[in-house]
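Each chain, written out:
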Amino acid sequence: MAQSKIFQCASCENCVEAWDDGNPYYIDLTRSRQGMPRSRCKVYAYHPEIPAQPIEGNDVPHLCLDCNHEFRVDSERPRETCTKCRNRNIIDTCRLEGRTCPKCRSGSFEGQPGAIS
Ligand SMILES: [Zn+2]
Ligand SMILES: [Zn+2]
C-alpha cells in the first residue's frame, strides 16, 4: 500500500501531492533487447501489481525550492541540481512539511494525508 500526502501552501494555491514510496521501476530486458540494446526500458511497478522482475531503482519526485519545478530523480542516477534552473535547492516532495513555498515565497507547506492506493 502506498499513502500520499498533500502539501498545501498556507498562503497561496500551490499544492503538491507526494507518494511515500516514489515510483519504483524495473528494467524490461525483453523489450530492451528487441529495440536499442543500450537503452534501458523502464517499467514502473504500480500498486497493487507484483513486478515481474526485481525492482532496480526508484524515480523519486523532487521539487525545486527556487523555481517551483517538479521533476523526478532516478535513484540509480542521482542528481543534486534542478533540471530547469540548475540550483541545488531541491527537496524530496515527501519532506516538504514546513518548507517555504517557492511560488509565493511567503507561506510554508502544510501536509495532510491524501489518497491511498
Ligand atoms: Zn505559496
Ligand atoms: Zn529550479
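To be clear, the structure that these remarks concern was listed above.
Here the structure is a predicted model, which means the values were calculated and not measured.

(A) Broad picture of the overall build of the protein. Along the backbone of the protein there are 1 helix and 8 strands. Tracing the protein from N to C terminus, the helices and strands come up as β-β-β-α-β-β-β-β-β. Taken across its 117 residues, the protein has 34% of its residues classed as buried. Here the contacts in the protein between residues at least 6 apart in sequence split such that 53% fall between residues at least 24 apart. For the protein, the accessible surface area stands at approximately 7,500 Å², while carbon and sulfur atoms represent 49% of it.

(B) Spatial organisation of the coordination of the zinc ion (ligand 2). Only Cys64 (SG), Cys67 (SG), Cys82 (SG) and Cys85 (SG) from the protein coordinate the zinc ion (ligand 2), and they sit 2.3 Å from it. Coordination geometry of the zinc ion (ligand 2): the 4 donor atoms subtend angles of 106 to 114° at the metal centre, consistent with an arrangement described as tetrahedral. Of note, the zinc ion (ligand 2) draws all its donor residues from one chain, in the sequence arrangement C-x2-C-x14-C-x2-C. Here the residue Cys64 occupies a position in strand β5 (residues 57-64), and Cys82 occupies one in the loop between β6 (70-74) and β7 (90-92), the gap between them amounting to 18 residues. Like Cys64, the residue Cys82 is buried in the burial classification.

(C) Just the pairing of β6, in detail. As paired elements, β5 and β6 share 5 bridges and run antiparallel to each other. Following the sheet pairing, Val60 is matched in β6 by Val73. In this structure, the hairpin formed by β5 and β6 is closed by a connection of 5 residues, where Asn68 is found at a positive phi of approximately 65°.

(D) Summary view of the coordination of the zinc ion (ligand 1). Of the protein atoms, only Cys9 (SG), Cys12 (SG), Cys101 (SG) and Cys104 (SG) coordinate the zinc ion (ligand 1), at distances of 2.3 to 2.4 Å. One way to put it: the 4 donor atoms around the zinc ion (ligand 1) meet at angles of 106 to 115°, and that makes the site tetrahedral. One chain supplies every donor for the zinc ion (ligand 1), spaced along it as C-x2-C-x88-C-x2-C.

(E) Highlighting the packing of aromatic side chains. Applying the stated criterion across every chain yields a total of 1 aromatic pair. Seen from their ring centres, Tyr25 and Tyr44 are 6.3 Å apart, and the 85° between their planes marks the pair as edge-to-face. Of this pair, Tyr25 sits in strand β3 (residues 23-27) while Tyr44 sits in strand β4 (residues 42-44), and the two are 19 residues apart along the sequence. Residue Tyr44 is classed as partly exposed on the basis of its relative accessible area, which comes to 26%. Here the basic side chain of Lys42 rests over the ring of Tyr25, its NZ or CZ set 4.6 Å away from the ring centre. The ring centre of Tyr44 lies 5.3 Å from the NZ or CZ of Arg72, which sits over that ring.

(F) Seen up close, the sheet that holds strand β1 (residues 3-9). Across the sheet, which stays open at both edges, the 3 strands sit in the order β2-β1-β8 with antiparallel pairing between neighbours. Either end of the sheet is taken by a strand with one partner, and the two such strands are β2 (15-19) and β8 (109-116). Across the sheet, the mean angle from the axis of one strand to that of its neighbour is 25°, orientation sign disregarded. As paired strands, β1 and β2 are joined by 5 bridges and run antiparallel to one another. By the bridge assignment for β2, Gln8 is matched with Cys15.

Rules of the game
- Residues numbered from 1 in each chain as written.
- Chains lettered and ligands numbered in written order.
- Predicted model: local features only at pLDDT ≥ 70, side-chain atom pairs only at ≥ 80, totals over all residues.
- Heavy atoms only, no water.
- Helix = DSSP H or I, 4+ residues; strand = E, 2+ residues; numbered from the N terminus.
- Buried < 20%, exposed > 50% of the residue type's maximum accessible area, 1.4 Å probe, protein only.
- Contact = heavy atoms within 4.5 Å.
- Areas by Shrake-Rupley, 256 points an atom, 1.4 Å probe, with all protein chains shown as cover.
- Donors = N, O, S within 2.8 Å, 3.2 Å for Na, K, Ca; no water.
- Tetrahedral: all angles 85-135°; square planar, octahedral: opposite > 155°, others 65-115°.
- Pairing = 2+ DSSP bridges.
- Phe/Tyr/Trp six-rings, centres within 6.5 Å; stacked < 30°, edge-to-face > 60°.
- Lys NZ or Arg CZ within 6 Å of the ring centre and 35° of its normal.
- Axes fitted to C-alpha atoms, helices over the stretch in contact; angles between N-to-C directions.

Shape is all these values report; function is a separate question.
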